[in-house]
Amino acid sequence: YQRRVRGRALCLCRDRVMSDGDVSVKVAIRVRPQSPREIIDCCRICTNFVPGEPQIILGSDKAFTYDKVFEMSTGQREIYEATIKELVESCFKGYNSTILAYGQTGSGKTYTMGTQFDECIREQQRGLIPRAVDHLFQNIRNMKEAALAEDLPPPDFKVSAQFMELYNEEILDLLSPSGEAKGKKSNLKIHEDANGEIYVDGMSSQDVANTEEVLLCLQQGALCRTTASTQMNAVSSRSHALFSLKMHIMKALKTEDGSSEFENLTSKLVFVDLAGSERLKRTGATGDRAKEGISINGGLLALGNVISALGDEKRKAAHVPYRDSKLTRLLQDSLGGNSQTLMVACVSPSDRDFMETLNTLKYANRAKNIKNKVVVNQDKTSRMINMLREENMKLQQELMEYRMGQRTGEEGNYSDLFTENAMLRADNDKLRLRIKSMKEAQDTKDENIAELRAKAICASVIGSDETDMTEMIQGYMKEIESLRTQLLEQETAAKYRSPVKPGAVAPAARLSLNASGGGAILNDSIVDVIKEAKDDLEKTMAKRSKLAHLMDLEQTKVEDNKENILEEEEEEEEENEEEEMDCENNFIDIDDDMEDITTVKSEKEKPQEEGGGEEEEEEEAKHRIENIHIIEQDLADLGDEISIKQKLLEELDILEEDPQFE
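Quick look at the structure, then. (Residues numbered from 1 in each chain as written. Predicted model: local features only at pLDDT ≥ 70, side-chain atom pairs only at ≥ 80, totals over all residues. Heavy atoms only, no water.)

## A closer look at the overall build of the chain
Looking only at helices and strands, the chain features 15 helices and 18 strands. In the chain, which comprises 662 residues, the share counted as buried stands at 37%. A separation threshold of at least 6 residues defines the contact pool for the chain, and within that pool the share at least 24 residues apart is 71%. Put simply, the chain shows about 40400 Å² of open surface, and 50% of that area lies on carbon and sulfur atoms. (Helix = DSSP H or I, 4+ residues; strand = E, 2+ residues; numbered from the N terminus. Buried < 20%, exposed > 50% of the residue type's maximum accessible area, 1.4 Å probe, protein only. Contact = heavy atoms within 4.5 Å. Areas by Shrake-Rupley, 256 points an atom, 1.4 Å probe, with all protein chains shown as cover.)

This is how it looks when you write it as structure tokens:
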């Protein structure tokens with residue numbers, strides 16, 4: 001079994017790689033500022049930009065869209081942060097990266113890349129290569145510090161630099177101590193290894209440990225590079241330059257069981273400064289300069305053919321002419337191979353370079369369609385470990401499926417039991433959903449039935465649609481309907497649990513009151529509802545009796561007050577008659593008469609005062625009569641309510657006695 005697993009892993013290692021998929025070539029456009037000579041010649045600017053969009057407009061109607069577009073005022077640092085920084089960081093994950101500078105002569109390619117030799121250059125004018133080197137070694141220091149903080153061995157980094165130029169289709173080593181004489185045939189040859197990577201046999205490589213050493217190599221190569229003056233550029237590069245940094249990484253990784261294992265990665269960072277395309281009519285080149293221009297244009301033409309073959313969807317199956325030029329052969333990994341590629345196209349904004357700028361934009365637009373196959377560069381040991389780990393996880397998953405019965409003996413086939421279980425689960429889910437929907441519909445119907453029955457009972461009892469009574473009746477009916485539904489569900493469940501034997505009484509029939517014995521078997525909830533209704537009726541009748549007793553007391557008080565008033569009136573009439581008789585029969589003196597008259601007046605005023613008290617008594621009597629009328633009205637209302645509740649109790653009693661509970 002182990003030999004079989006190892007054999008499968010070896011086949012996987014040999015036949016496939018850890019690919020991250022196809023990645024398109026990214027294109028950035030940089031427009032340089034106008035030169036002093038162009039300003040003196042009153043050249044107009046023919047390039048425009050769309051704010052907030054990576055789009056450039058040439059003239060009035062030619063618009064091009066790219067991944068990044070940088071205006072004339074954009075600095076070197078902004079270009080690096082937006083394009084190169086991400087590529088440098090991906091090198092620490094094992095990916096190759098290529099930065100390609102293209103454009104006409106004098107468009108600012110060498111300035112952008114930073115391959116020129118100038119000791120007095122300012123920080124703002126530093127090119128992309130020096131900034132990338134700083135970033136590279138800064139990340140190396142950070143990774144070592146992070147490993148020490150995690151109690152892991154610090155990773156081991158080995159960085160080597162190469163610098164070459166392609167002059168008149170001859171490869172020259174710019175870092176060679178002896179140097180290659182220009183005009184002589186070079187002994188450096190281009191080869192392809194077993195993994196498909198392109199390398200130059202005999203090219204010298206220098207190990208570097210810090211930024212200063214890399215910049216020293218860059219300056220040494222820049223001094224040896226071929227340059228000359230033309231009518232379009234005072235310091236024109238007459239060759240294509242390739243500066244590459246190759247990095248080997250060995251770092252420790254923590255596994256799931258807590259142990260650590262080492263991983264080996266290899267990555268390559270390549271900077272390509274292409275010589276500018278030029279027309280002999282404008283450069284005025286003759287002799288060697290003319291031969292150099294023809295060679296430069298030939299290499300760029302071959303590069304354009306490769307870009308067209310890779311970017312044209314109709315020509316995907318056609319042959320890609322990598323071998324037509326040494327330049328395309330050296331860039332085989334960068335165009336359509338294992339590398340993340342960025343093309344920085346440099347153009348001039350002046351109207352006299354309109355055609356060259358248009359050709360450059362078209363050239364760059366075709367490069368956007370190229371797709372590279374990017375993979376992680378691991379050594380065979382690390383790749384074998386990863387493949388075995390993946391194979392182990394797959395085999396564990398298959399073993400778990402066999403144990404669970406999901407697979408049969410034949411490879412890739414699932415058992416019938418597993419398939420049947422999956423189908424039953426799907427049907428079960430559908431039935432659950434259907435039951436849920438039917439339950440919601442049944443609840444809605446029960447509410448509608450309870451509402452209709454409540455309205456019907458209310459209309460039959462009081463002849464009108466009173467809101468309070470309707471709500472009360474509706475509440476009772478809803479509870480009755482819910483209890484009825486529960487009873488039916490319990491009967492159905494009991495039927496499936498224990499089937500009814502022949503001659504046995506159905507559960508619903510047991511609701512009827514049986515005189516022979518047993519009594520009624522009612523649901524506890526139904527009994528509670530009936531009991532609650534009876535208690536409510538008794539409370540209402542007690543309240544009615546209290547109000548009737550209160551009304552009797554008020555009526556008794558009113559009758560007693562009436563009798564007292566009649567008796568007082570009769571006594572007053574008798575007293576008045578006696579006083580009149582005394583005045584006629586007795587003769588008294590004037591003084592006595594005056595006293596009698598005074599006495600009589602005082603006695604007459606007395607009844608007037610008593611008359612005021614009578615008015616208060618009359619008002620009190622009226623108030624009591626009004627109370628009596630109010631009590632009579634309350635008694636009438638209670639009588640109606642009692643009659644309604646008695647009818648409801650009769651309905652509930654009928655439901656109790658109904659065998660079907662309907």
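That was the structure; now back to the text.
## Some words on the nonpolar core
Ranked by size, the top nonpolar core spans 47 residues in total, and within it I29, Y66 and I171 carry the most contacts. By residue number, the principal contributor to this core is helix 8 (residues 288-311), which donates seven residues. Not counting residues up to four positions away in its chain, the partners in contact with Y66 are V27, I29, P54, I56, L361, A364, N365 and K368. Counting 43 residues, the second-largest nonpolar core is a separate cluster that includes F70, Y95, F157 and C346. (Core = buried A, V, L, I, M, F, W, Y, C linked by side-chain atoms within 4.5 Å.)

## Quick look at empty space enclosed by the protein
As enumerated under the stated definition, the model contains three cavities of 30 Å³ or more in all. By volume, the second largest cavity amounts to about 50 Å³. Around the second largest cavity, the lining residues are L166, Y167, N168, E169, R238, S239, H240, E292, S295 and I296. Elements supplying a minimum of two residues to the lining of the second largest cavity: strand 8 (156-167) and helix 8. Considering each element in turn, the lining of the second largest cavity owes the most residues, three residues, to helix 8. Split into classes, the residues belonging to the lining of the second largest cavity amount to three nonpolar, four polar and three charged. (1 Å grid on protein atoms, 1.4 Å probe; cavity = no way out; pocket = protein on both sides within 12 Å on 5 of 7 lines; lining within 4 Å. Points joined across faces, edges and corners; volume = space filled by probe spheres on them. Nonpolar A, V, L, I, M, F, W, Y, C, P; charged D, E, K, R; others polar.)

## Here's the deal with the layout of surface pockets
In this model, the second largest pocket occupies a volume close to 1100 Å³. Among the elements of the structure, strand 2 (26-31), helix 2 (36-40), helix 4 (109-113), helix 6 (211-224) and strand 14 (236-237) are those that each provide at least two residues to the lining of the second largest pocket. Among the elements that line the lining of the second largest pocket, the one with the most residues is helix 4, at four residues.

## Overview of the pattern of salt bridges
Tallied over the entire structure, the rule returns 13 salt bridges. Measuring nitrogen to oxygen at the nearest pair gives 2.7 Å for the salt bridge that ties E292 to R289. Linking E292 with R289, this pair stays in helix 8, spanning three residues, or about one helical turn. Residue class for E292 comes out buried when judged on its relative accessible area of 0%. Several salt bridges converge on common partners, so that one network encompasses E123, R126, R131 and D134. (Salt bridge = Lys/Arg side-chain N within 4 Å of Asp/Glu carboxyl O.)

## Section: the packing of helix 8 against helix 10 (residues 354-367)
For the pair helix 8 and helix 10, the least separation of the axes is 8 Å and the interaxial angle reads 40°. Considering the angle they form, helix 8 stands oblique to helix 10. Here L300, L303, G304, I307, S308 and G311 of helix 8 lie close against helix 10, whose contacting residues are Y363, R366 and A367. (Axes fitted to C-alpha atoms, helices over the stretch in contact; angles between N-to-C directions. Parallel < 35°, antiparallel > 145°, perpendicular 65-115°, else oblique.)

## Some thoughts on the packing of aromatic side chains
Going through the model one piece at a time under the given rule, you end up with four aromatic pairs. Measuring from ring centre to ring centre gives 5.3 Å for F163 and F243, while their planes differ by 85°; the resulting arrangement is edge-to-face. Here F163 is found in strand 8, whereas its partner F243 is found in strand 15 (residues 240-254), with 80 residues between them in sequence. Neither F163 nor F243 differs from the other in exposure class; each is buried. In this arrangement the basic side chain of K368 is found over the ring face of Y66, its NZ or CZ atom lying 5.4 Å from the centre. (Phe/Tyr/Trp six-rings, centres within 6.5 Å; stacked < 30°, edge-to-face > 60°. Lys NZ or Arg CZ within 6 Å of the ring centre and 35° of its normal.)

## Focus: helix 3 (residues 76-90)
In a regular helix each residue adds 1.5 Å, so 15 residues correspond to 21 Å; helix 3 covers 21 Å between its end C-alpha atoms and thus fits that length. The largest bend along helix 3 reaches roughly 50° and is located at I84. Taken together, the buried positions of helix 3 are Q76, I79, Y80, T83, I84, L87, V88 and S90. (Expected span 1.5 Å × (residues − 1). Bend = angle between axes of the 7 residues up to and from the residue.)

## Observations concerning the side chain of S339
Among the structural elements, S339 can be located in the loop between helix 9 (326-330) and strand 17 (340-347). On the basis of relative accessible area, S339 is assigned to the buried category, the value being 2%. In this structure S339 touches N96, S97, T98, D333, S334, N372, K373 and V374, once residues within four positions along its chain are discounted.

## Side note on the sheet that holds strand 4 (residues 55-58)
One open sheet accounts for three strands, arranged 3-4-5; its pairing is antiparallel. Lying at the two open borders of the sheet, with one neighbouring strand each, are strand 3 (47-49) and strand 5 (62-65). Averaged over all adjacent pairs, the angle separating strand axes in this sheet is 25°, with direction ignored. Two elements, strand 3 and strand 4, share three bridges in a ladder whose sense is antiparallel. By the bridge assignment for strand 4, N48 is matched with I57. Across the sheet, helix 10 is in contact with strand 4 and strand 5; its angle to strand 5 comes to roughly 35°. (Pairing = 2+ DSSP bridges.)

## Focus on the packing of helix 3 against helix 5 (residues 128-149)
The contact between helix 3 and helix 5 brings their axes to 10 Å, and the two run at 45°. Judged by the angle between their axes, helix 3 and helix 5 are oblique. For the pair helix 3 and helix 5, the sense of crossing is right-handed. Together, Q76, R77, I79, Y80, I84, K85, V88 and E89 of helix 3 and L128, R131, A132, H135, L136 and N139 of helix 5 make up the contact between the two elements. Along the lines of polarity and charge, the residues of the contact of helix 3 with helix 5 split into seven nonpolar, three polar and four charged. (Left-handed = near helix turned anticlockwise from the far one by under 90°.)

## Topic: unusual backbone geometry
Positioned with a positive phi, C42 is a non-glycine residue whose angle comes to about 60°. Tracing the backbone shows C42 in the loop between helix 2 and strand 3. For C42, a relative accessible area of 63% corresponds to the exposed category. In this model, D151 sits at a positive phi of 60°, which is unusual for a non-glycine residue. In this structure D151 comes out as exposed when scored by relative accessible area, which is 70%.

## What to know about the pairing of strand 10 (residues 189-192)
Two faces, one strand: in a regular strand the side chains alternate between the faces of the sheet. Pairing between strand 10 and strand 11 (residues 198-201): four bridges, direction antiparallel. Directly across from E192, in strand 11, lies its bridge partner I198. Hairpin connection, strand 10 to strand 11: the antiparallel pair is bridged by five residues, and G196 has positive phi, about 90°.

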